[in-house]
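# Chains, contacts and geometry: an overview
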Amino acid sequence: MKEPLELFTTLTNLTKQSEAFYVTEQVLDDVTYWIFLYRLASYSDFLLPGALEARGIMFEVKDGKFVRLASRPPHKFFNLGENPITLDLNYADVEEVMVKEDGSLISTYWHNGELRLKTKGSLFSPQCVDAMNYLNKPENSDLKGLLSYLTNPEEKGITVNLEWVSPSNRIVLPYQKSSLVILNMRYTESGD
């Protein structure tokens, strides 16, 4: 796994090398973040260095220079049989099978000493705002406390990745109530 600065440099170069990858700049409270994403990328595009991480990974920058890795969503994954990576898999080692939630990917990050949420490509999308409002409800204080503890770099330094499902955020499957479902966690710095 690459160090955060090396990964930032690799992703910055990737956006210059291939039109399939790009970076967006988001500013919150005078803090600048760069979010690396992909669009219409082919299998061969994802073989380029760093490409699998260009799925909403976010860095804090100042004057275009790396400050820190702020949020690490899951890397790009592929459907079964979609390409050579997902052919001839050995299922003998499968430990758990989970339901695939059908909503919007939400990831945690630490901003000015507090927990914040982002979608794959935005700090300000309606899904991000709705998920944060949900998390701020008194009945969700235990979840917010857990996410804050895990995300705080002075505690665990983990990006928690969740799925925002809601009647107001229907993709295909209908949901009767809003919820943030924990999908996975990655150490923000290392990606483990």
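Given the structure is predicted, the values throughout are model-derived calculations rather than measurements. The residue count restarts for each chain, going from 1 along the sequence in the order it is written. Reporting in this predicted model follows two pLDDT cut-offs: at least 70 for local features of residues, and 80 or more for side-chain atom pairs to be given and counted; totals over whole chains, interfaces and linings ignore these cut-offs and use all residues. Excluding hydrogens and water, the side-chain figures rest on all heavy atoms present in the structure.

## Some words on the sheet that holds strand β2 (residues 31-38)
What makes two strands pair is DSSP finding at least two bridges between them. In this text, helices come from DSSP runs of H or I with a minimum length of four residues, and strands from runs of E with a minimum of two, each type numbered from the N-terminal end. Strand order in this open sheet of four strands is β1-β2-β3-β4, and the pairing throughout is antiparallel. Strands with a single pairing partner mark the edges of an open sheet, and in this sheet they are β1 (21-28) and β4 (65-71). The mean angle between the axes of side-by-side strands here comes to 30°, regardless of whether they run parallel or antiparallel. As judged from the five bridges shared by strand β3 (residues 57-62) and β4, these two strands associate in the antiparallel manner. Note on β4: the bridge partner recorded for Lys62 is Lys65. Between the N-to-C directions of two axes lies an angle of 0 to 180 degrees, each axis being a line fitted to C-alpha atoms and, for a helix, fitted only over the stretch in contact.

## Side note on the pattern of salt bridges
A pair is scored as a salt bridge if a Lys or Arg side-chain nitrogen falls within 4 Å of a carboxyl oxygen belonging to Asp or Glu. Taken as a whole, this structure holds five salt bridges when the rule is applied. For Glu53, the salt bridge goes to Arg72, with nearest N and O atoms at 3.4 Å. A residue pair is termed long-range when its members are at least 10 positions apart, and Glu53 in the loop between β2 and β3 and Arg72 in the loop between β4 and β5 (104-111) qualify at 19 residues. No difference in accessibility class separates Glu53 from Arg72, as the two residues are buried. Relative accessibility decides the category of a residue: with a 1.4 Å probe and only protein chains considered, values under 20% of the type maximum give buried, values over 50% give exposed, and everything between is partly exposed.

## Side note on the environment of Thr15
Assignment of secondary structure puts Thr15 in helix α1 (residues 4-17). The class for Thr15 is partly exposed, based on a relative accessible area of 23%. Sequence-wise, Thr15 and Ala51 are 36 residues apart; in three dimensions their C-alpha atoms are separated by 9.5 Å. Those residues in contact with Thr15 that sit more than four places away from it in its chain are Phe21, Tyr22, Val23 and Phe36. Every residue pair with non-hydrogen atoms within 4.5 Å of one another is taken to be in contact.

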